[in-house]
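Overview (structure and organization)
Here is how the chains run, residue by residue.
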Amino acid sequence: MSDTQLNGHQRRLKLPISLPSGENCQKCVADLQNGIRRIKGVDDVSVSNTRTEISVTFDPNLISVSRIESEIRKIGASLDSRIAHRTFGLSEMDCPDCLHTVEKAVASMPGVLWVGANFAAAKIHVEYERDVTRPSKIEEEIERHGIRACTLKPQENRDIATSTRPSRTVTPPWLHNRRLISTVLAAGIALLGALSAHRGYGAISDWLFLLAIVFGGWQIQRSAVFALRDGSIDMNVLMTFAVIGAGVIGQWEDAVGVVILYDIGTLLQSAAMERTRRSIRQLLETTPSKVLVRRGRGDFEIAPENVRLDEVVIVRPGERIALDGDVIAGETEVNQAPITGESLPVHKSSGDRVYAGSINGSGAIEVRVRKIFSQTSLANIVKLVDQAQAQKAPYEELVDRFARRYTPLVVILAIIIAFLVPLCISLRIQWAGQLATSSLWIAWLHRGLSLLLIACPCALVISTPVAVVAAIGQASRMGALIKGGAYLEQLGRIDAIVYDKTGTLTEGRPVVENVVPLDTLPCNEILNIAGAIESRSEHPLAAAFANYQRATDHRSPLKIVHFTELPGQGIRAELDGDPYWLGSIRLAHTLKADLNGAGEVVAVIEAKGKTALILGAGKKAVGVIVISDRPRQNASSAISRFRSLGVRYQTLLTGDNVHSAQAVADMVGLKEMKANLLPEDKLGIIRELQRTYSTVAMVGDGINDAPALSAANVGVVMGGIGSDIAIEAADVVLMGDNLSQLGDLIRLSRRTLNIIRQNVAFSLVTKGVVLAVAVIIPIPLWIAVMSDTGVSLLVTTNALRLIRKMPSPA
């Protein structure tokens, strides 16, 4: 197993795998390669000749290793279990530049495959080999740089930053903040030093100032040592050299002022950042700390983490639901707004699914648990948000590249200003027969020290990630999951949208409306066979048969074998040894079956805008089933809104018939539609649109349109709550069924991009002005510090506007 950094931010990962042997082995290899290659962010896939290793080239800012692993297992291959994933919560960080040093140090550890650190989210996500390194070693490496680290687990919903090392005593939170304590002590000692200087005790004041620098800057100095050892120049290094330089030239007041101002600025920035990080914490806190579970003859209150699969939980009126499960008794209205963002309560009764984080209404219900606490839909959302926050947005990559060049150039300029300029002036003075004074050197050294402090790019580097994290957190509270900064940026640039029909523009609740027998087979038997076939399918139309069987309390006893799904056409299967097929008229033509009059019946049904499925036995059609599905109520207004937001082109792509597609398009206000499409046809249309439009979005259900979702610049899935498949397939997931949420996300993306531009511009202008002034005339060191720490605080505060409720569109 190996991990290689390629050009840019691409990586090549080699993973040991085990494929089934036998005559179909080559097909397994092809399926594996094709399945992984279609994932957005994967550029190349190859399997070794021995079929024991797979090599994947991918962009870690678009896809995580865990997503690749999931796809490998889904296709049927087994994966070596040596790879582990761990997210660490971070505290007491100085700046994003310093965190970059930590990221490099962790990435260089043996066995570490990938590291994604995000200052704004206060998290670092690490993927590593279990048998080479351990989480405790990673924690130690992080803490050597002066940053506290703790492992975050999915079940730690009450306190997202709970350390793996348990606390023995309960103490006030401020006692754990080392920077706050050291800043208060340093400020107190510095005040005594200032009083001593005022009363004429110069020697004592210098010693007090030095003591204040030690107390206030010990974390800075410690981190500087580790940064230099790792070959990095970050804020800690620049601060340390500036403070030492100020002490050397006797400017102790400036030196201690730099340290204390920096500490105060960092504390204020941390407080502001905490508001951003709280958004995801609030999502976690939507589950209760205790649940009432039935065990034996009694009911007991226990932590939701301890509830087992298939146990029965009692949810009382007004309580939050802690676990995903099916209602087995009772009836109520459930508010799913904390998860889906939809304010209207949803009626729930026996057989309906409820989800963790939603709020029970006035009725008591009993719920059979279908997912343990760490695997609920809410836990899955939180895990994906964690991964999304670790992935860098294109803007962030651009700013980081600029910062990596800016800092060394300004440091070089500082050295020239501090040493070469006064040296040249001294030589010129000596050439004129005069002596250079020490004040000349002190003045230029002071300029150089100011430039060292200005060289820190923290304000610039933080300008993008803090806005991205705030926006992703805000989206989660709106009932949407955005899987990274790259997709957040793309949302604001959408100028073309293509829609799937069933479950996207329609309600996704198809019903069996009628049955037309073509032979001697009776209607109930036609539905019995069709229901048995569709019971294995994940297509939205399968729900029509499941609902019919539930309504009639009828379950098919037929045994199904050799089930084969033909995308865009239908299904073939054997039931009790007899061959059957079910699908569109296209499938009948593919099988060269006898239509037995089905063609005329289908034409009449499709002319009414409905869907017709043909059931065939052997090579002969035996019945036609009529399916209907109503358009979504808000689809028309959502499509109209997208036009007002500047989306230039919208169309419907469906495998259904022309009449049904046209009927839906007319009802929702779409001017164009394309019908009778196979999955590969949809891919071709999307790629053609990408030649004309800059950003094409595909909106679907995430089940049967995964290739099209992956091909689009932004793949959007609706109704993702409860569907792990849908969540995995999409770049953006709308947890509810409200298409207009996409318009809110487009507006959120554009607000985010505007704030990022404002932050970057303000940081660059401020740095540029202070840099120019510092070269021309000496400026107090505290102004140099505030040009970075102060600006960092301002850009953070500006980004916090994203977590407020967006104003309604004009």
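Now for a quick tour of the structure. Only a predicted model underlies this, so the values are computations on that prediction, with no experimental measurement involved. Residue numbers restart at each chain and count upward from 1, following the sequence in its written direction. In view of the model being predicted, local features appear only for residues whose pLDDT reaches at least 70, and side-chain atom pairs are presented and counted only at 80 or more, with totals across whole chains, interfaces and linings using the full set of residues. Processing note: side-chain calculations cover all non-hydrogen atoms of the structure and skip hydrogens and water entirely.

**Considering unusual backbone geometry**
You will see that asparagine 596, though not glycine, has its phi angle at about 55°, which is positive. Think of it this way: any DSSP run of H or I at least four residues long counts as a helix, any run of E at least two long counts as a strand, and we number them from the N terminus. Within the secondary structure, asparagine 596 is located in the loop between α19 (585-590) and α20 (598-607). For asparagine 676, which is not glycine, the phi torsion reads 55° and is therefore positive. Checked against the element boundaries, asparagine 676 lands in the loop between β28 (673-674) and α23 (679-692).

**A short note on the packing of aromatic side chains**
Here a pair means two rings of Phe, Tyr or Trp (six-membered ring of Trp) with centres within 6.5 Å. Their orientation is stacked below 30 degrees between planes, edge-to-face above 60, and tilted elsewhere. In total, this model carries one aromatic pair according to the counting rule given. For the ring pair tyrosine 649 and tyrosine 693, a centre distance of 5.6 Å and an interplane angle of 25° mean the geometry is stacked. Here tyrosine 693 lies in the loop between α23 and β29 (696-700) and tyrosine 649 lies in strand β27 (residues 649-653), a separation of 44 residues in the sequence. Grouping residues by exposure puts tyrosine 649 and tyrosine 693 together as buried. Per-residue accessibility, obtained with a 1.4 Å probe over protein chains only, is compared with the maximum for each type, and a residue is labelled buried under 20%, exposed over 50%, and partly exposed between these values.

**Some words on the nonpolar core**
Among buried residues, the Ala, Val, Leu, Ile, Met, Phe, Trp, Tyr and Cys ones that are joined through side-chain atoms within 4.5 Å form a nonpolar core. One finds Ile142, Leu505 and Leu745 to be the most contacted residues of the largest nonpolar core, which totals 108 residues. Discounting residues that sit within four places of it in the chain, leucine 745 has contacts with Ala475, Met478, Ala480, Ile482, Leu491, Val732 and Leu734. Trp444, Cys458, Val770 and Ala774 belong to the second-largest nonpolar core, a separate cluster that totals 45 residues. Contacts were defined at the residue level, with two residues in contact if any of their heavy atoms lie within 4.5 Å.

**As for a nonpolar patch on the surface**
The patches reported here contain residues having more than 30% relative accessible area and no salt bridge. Joining distances are 9 Å for like charges and 5 Å for nonpolar side chains (Val, Leu, Ile, Met, Phe, Trp, Tyr). In this description, accessible areas are obtained by the Shrake-Rupley approach with a 1.4 Å probe, and a residue is regarded as covered only by the protein chains that are shown. Each reported salt bridge corresponds to a side-chain nitrogen of Lys or Arg within 4 Å of a carboxyl oxygen of Asp or Glu. Together, Ile412, Ile416, Leu420, Leu423 and Leu427 make up a nonpolar patch on the protein surface, roughly 420 Å² of accessible area in all. On the secondary structure map, leucine 427 appears in helix α11 (residues 394-431).

**Notes on the sheet that holds strand β12 (residues 312-315)**
Taken together, six strands build an open sheet; the order of strands is β11-β10-β12-β18-β13-β16 and the sheet is antiparallel. One side of each edge strand has no neighbouring strand; the edge strands of this open sheet are β11 (298-302) and β16 (353-354). Note: two strands are recorded as paired if DSSP finds a minimum of 2 bridges between them. As paired elements, strand β13 (residues 325-330) and β16 share two bridges and run antiparallel to each other. Bridging from a neighbouring strand, glycine 325 pairs with valine 354 of β16.

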